[in-house]
Amino acid sequence: MLLRWQQWNRHAKIWLWVITLIGVAAAMPLGLVRMEMEKTSKNIEYVFDYRDIIEVSELQTKPREFVKEKLQLLKDSGITTMAVYESSLKELVLSGRLMYFSSRDAALLQGKFETPGQNFTYILYNGKEEEEQIGPIVREAFDRAEAVYRDWSYEGKNGLVIEMPVAEAVMKTMDFDPMTLQELHDAGFKILPRISNKIQPYEESDLDEQLGMMKELGVTRVLFDGDVVKGGSDKANLLSVSELLNKYEMGLIAIENLKKPQKGLNNLAYNTNYNIVRLYSLSPGDGMEMSPEAIADRFLLAAKDRNIRMFFMNGMVQANTDKGKFVHNLDKISQALRGENGAVAKLAEHGFTPGEPQPFDYEQPSWAKPLRGVVALGAIALIALVVGTFVPGVNIPVFLLGLVGSAALYKLNSSTMEQALALGAAIAAPTLALIWAMNRITSRTVGDRRIVGGDDWSVGRSQASLAEGGAAAGGKNGRLNWLFAAPSVGKRLGLAINWFVVTALISFIAVPLVFGLLNNITYNLVLEQFRGVSVLHLAPIALVAIYVVLYTGHAKLFNIRKLLAQPITLTWVVLVAVIGVVGYYYLSRTGNAGSVSSIELVIRNFLEQTFGVRPRFKEFLLSHPLFLLGLFLSLRYRAAWLLVIVGSIGQLSMVDTFAHLHTPLYISAIRVLLGLGTGAIIGCILIVAWLIVEGVLKKWAPILIRKYIK
């Protein structure tokens, strides 16, 4: 019975590979559909924060002239849209619509003593037009707050006395300033309203009126301000908001790199048929500190690599004590946009023309869903294969358990099921690839017992020759415990390159399974994210290390005991330190928060300009070269497998590159292939350098040892 089960399991392993490859083939049409979708939105909109211009102008000698001049400058540079916020008393003061005073200031203004026991807010409109257009939104705001107010006037200007402290009055959110909206529209700018959830309670009629006014000004998208969208977390309110957006044919905007997504945005996106585009916001600090060239390069990278279709720029002013004046960044941002080397021209060269951004056409063909089911079967089979590698004889039950578990999870939450299978496949393929490579190393070095030194002398060399070689290498009694009688250099190089290519191909099996399972517009728009990427960065390395310890060699448990019994030497300390430094660097570069050195920025820009797409740094400059070097050295040196483990990071990184689902598929493919190619070239250079150093040591080390070691 046991023999029959083993036979079934061997056949099952073959069939699992067949199912996996069928799943890979099924994912390819889904990838083509995604690539076609990614071509459907190429227009770019450049937006500036109008409030920032007003705030900067307050520190200028002639604020109104400054605003007019800078608006024209930004428009000529390529800014097409001004972002406008809901008003407040402070905002209306900055815009020159009114003035407000405390009870004490109002008394001083009138040449009177302050009325004891009174802490009110006094408002004066700057003119008749302001009273007519701004007055209603001010009264409406304080009506919502149930504040008591009455008319007030001073020297021919009308206003209000509000029985509320100034500190509280300035916190009240009001409707948009209609005068500012009209002025910007007349100046040739599009309007991007930033609508908040601060005006409470939510009234459908108020938002209907607000969006109707915006529609007349040509507004096509809204950008929510704050952590919560309009309507909050109430499902009924969110449904009402989405219906109004559909009524006025207005789309949404998703801001990149928020600490947490705006609450309710996913609900609105679904109810508006994903009429949404992604926006990158250049922070005020970056706008002040970065060079115009760096800003342009960042915008280009964001449009190409992250599906960004709107760029939001902020103004900032700082006190420069050296110059004794205030400085702002409006001119620098203008410089970053205009000219042949500006962002607008650079993006246009790559097909991203200025215009109204359109949502992606994400409609899936009818055959897409069945194909995703086949892809899911391929992922389950691949996971079963890696489990069977560690626990022999369980391929069949693991596959069946995976089918049942996936079906149950699909009923509960299909997105969770797809992500779980994608993560499992992403871990399984690099793990199997690296295990395959380690088995090739073991079969070439241990399997045929071609060891120089130790207790096994199967290679015909004289004892004198071995003693000399052992002494040169620091061996004891002429025995080399770490050196193999390797094939020729050419054969080693050929084997290393062959193993390098095959390992990469096995790792690539995960790529179609990942993008086939996660073939949904929500991932492209980062409304939903592929969870578990951090596990992907570490799990295959840990699994391969466990496999090497438990499943290679002849006396496995003895090897573990022997390893644990080894004394801690300086070599071990140095080795652990090196691995720790590499591991820290690796983890620090994982995710969006990784730091980048100035030298790396120069190399990145060079690669971007040379190839159009830059390979990932940790792949082409670190992982792939070390992996190829480790494969080459492993055919001669016993300890070289550690270098293979460190270099295996590149195999994980390749799969991780395609896990960035907001990056266009063809960009990820080019990036990975460039990384492999350049990494292989650098790896060959390292091999040549090693051979040179090795030749020098082989020639001069025995002479130096005989001379200085008696």
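Residues numbered from 1 in each chain as written. Predicted model: local features only at pLDDT ≥ 70, side-chain atom pairs only at ≥ 80, totals over all residues. Heavy atoms only, no water.

1. Comments concerning the overall build of the chain
Then, number 1: Helix and strand content of the chain: 30 helices and 13 strands.
Then, number 2: Sequence separation of 24 or more characterises 78% of the internal contacts of the chain that already satisfy a separation of 6 or more.
Then, number 3: Total accessible area on the chain is roughly 34,600 Å²; 61% of this is exposed by carbon and sulfur atoms. (Helix = DSSP H or I, 4+ residues; strand = E, 2+ residues; numbered from the N terminus. Contact = heavy atoms within 4.5 Å. Areas by Shrake-Rupley, 256 points an atom, 1.4 Å probe, with all protein chains shown as cover.)

2. Points about the nonpolar core
Then, number 1: Formed by 78 residues in total, the largest nonpolar core has its most connected members in Leu382, Leu517, Leu518, Phe530 and Leu631.
Then, number 2: Ranked by residue count, the leading element in this core is helix H18 (residues 414-445), at 16 residues.
Then, number 3: Excluding residues within four positions of it along the chain, leucine 518 makes contact with Glu418, Gln419, Ala422, Tyr523, Phe530 and Leu661.
Then, number 4: Counting 69 residues, the second-largest nonpolar core is a separate cluster that includes Val219, Ala296, Val344 and Leu525. (Core = buried A, V, L, I, M, F, W, Y, C linked by side-chain atoms within 4.5 Å. Buried < 20%, exposed > 50% of the residue type's maximum accessible area, 1.4 Å probe, protein only.)

3. Remarks on the sheet that holds strand E3 (residues 98-102)
Then, number 1: Taken together, the four strands give an open sheet; going across it, the order is E3-E4-E6-E5, and neighbouring strands pair in antiparallel fashion. Edge strands, defined here as strands with exactly one partner in the open sheet, are E3 and strand E5 (149-154). Strand-to-strand twist across the sheet, computed as the mean angle between neighbouring axes with direction ignored, equals 25°.
Then, number 2: In this structure, strand E4 (residues 121-125) lies alongside strand E6 (residues 157-162), joined through four bridges in antiparallel fashion. Considered in E6, the bridge of isoleucine 123 is made with leucine 160.
Then, number 3: Sheet strands in contact with helix H6 (residues 128-144) are E3, E4, E5 and E6, and its direction is about 155° off that of E4. (Pairing = 2+ DSSP bridges. Axes fitted to C-alpha atoms, helices over the stretch in contact; angles between N-to-C directions.)

4. Digging into the packing of aromatic side chains
Then, number 1: Within this structure, the stated rule accounts for nine aromatic pairs.
Then, number 2: When the ring centre of tyrosine 85 is taken as reference, the NZ or CZ atom of arginine 51 above it lies at 3.9 Å.
Then, number 3: Its end group placed over the ring of phenylalanine 189, lysine 75 keeps NZ or CZ at 6.0 Å from the ring centre. (Phe/Tyr/Trp six-rings, centres within 6.5 Å; stacked < 30°, edge-to-face > 60°. Lys NZ or Arg CZ within 6 Å of the ring centre and 35° of its normal.)

5. Concerning the packing of helix H9 (residues 204-216) against helix H10 (residues 235-247)
Then, number 1: Remark: H9 packs on H10, axes separated minimally by 10 Å, with the N-to-C direction vectors making an angle of 25°. As judged from the angle between their axes, H9 and H10 are roughly parallel. Note on packing geometry: the crossing formed by H9 with H10 is right-handed. Contact residues: H9 offers Glu204, Leu207, Asp208 and Leu211, while H10 offers Ser240, Val241, Leu244, Leu245 and Lys247.
Then, number 2: A class-by-class count of the residues in the contact of H9 with H10 yields five nonpolar, one polar and three charged. (Parallel < 35°, antiparallel > 145°, perpendicular 65-115°, else oblique. Left-handed = near helix turned anticlockwise from the far one by under 90°. Nonpolar A, V, L, I, M, F, W, Y, C, P; charged D, E, K, R; others polar.)

6. A look at the sheet that holds strand E10 (residues 276-282)
Then, number 1: Strands sit in the order E8-E7-E2-E1-E11-E10-E9 across an open sheet of seven strands; the sheet is parallel. Bordering the open sheet on either side are strand E8 (223-225) and strand E9 (252-255), each of which pairs with just one other strand. Between one strand axis and the next, the sheet turns through 35° on average, direction left out of account.
Then, number 2: For strand E1 (residues 45-49) and strand E2 (residues 81-85), the ladder comprises three bridges, and the chain directions are parallel. The residue of E2 that forms the bridge with valine 47 is threonine 81.

7. Thoughts on the side chain of glutamate 38
Then, number 1: Following the sequence through the fold, glutamate 38 ends up in the loop between helix H1 (2-37) and E1.
Then, number 2: For glutamate 38, a relative accessible area of 5% puts it in the buried group.
Then, number 3: Within polar-contact distance, the side chain of glutamate 38 engages the backbone nitrogen of leucine 665 at 3.1 Å.
Then, number 4: Setting aside chain neighbours within four positions, we find glutamate 38 in contact with Arg309, Phe360, Asn524, Thr663, Pro664 and Leu665. (Polar contact = N/O pair within 3.5 Å; in protein donor to acceptor, adjacent residues only side chain to side chain.)

8. A few points about the pattern of salt bridges
Then, number 1: Taken as a whole and judged by the stated rule, the model has 24 salt bridges.
Then, number 2: Notably, a salt bridge pairs glutamate 183 with arginine 97, separated by 3.3 Å at the nearest N-O pair. One end of the pair, glutamate 183, is in helix H8 (residues 178-186); the other, arginine 97, is in the loop between helix H4 (89-94) and E3, and 86 residues separate them in sequence.
Then, number 3: Among the salt bridges present, the one from arginine 150 reaches glutamate 163, with a minimum N-O distance of 3.2 Å. (Salt bridge = Lys/Arg side-chain N within 4 Å of Asp/Glu carboxyl O.)

9. Concerning the environment of valine 93
Then, number 1: By the element assignment, valine 93 lies in helix H4.
Then, number 2: Remark: the alpha-carbon pair of valine 93 and tyrosine 125, spanning 32 residues in sequence, is separated by 9.5 Å.
Then, number 3: With residues up to four places along the chain from it excluded, the contact list for valine 93 reads Leu98, Met99 and Tyr100.

10. Observations concerning the pairing of strand E13 (residues 325-328)
Then, number 1: Inspection of the sheet shows strand E12 (residues 317-320) paired to E13 by four bridges, in the antiparallel sense. Bridging across to E13, valine 317 finds its partner in histidine 328.
Then, number 2: Taking the residues between adjacent antiparallel strands as the criterion, E12 and E13 are bridged by four residues, where glycine 324 takes a positive phi near 70°.

11. Considering the pairing of E1
Then, number 1: In terms of residue burial, E1 counts as a mostly covered element, since five of its five residues are buried.
Then, number 2: Alternating residues of E1 divide into Glu45, Val47 and Asp49 and Tyr46 and Phe48, and every residue in both groups is buried.
Then, number 3: Two elements, E1 and strand E11 (residues 308-313), share four bridges in a ladder whose sense is parallel. Across the sheet, residue valine 47 finds its bridge partner in E11, namely phenylalanine 312.

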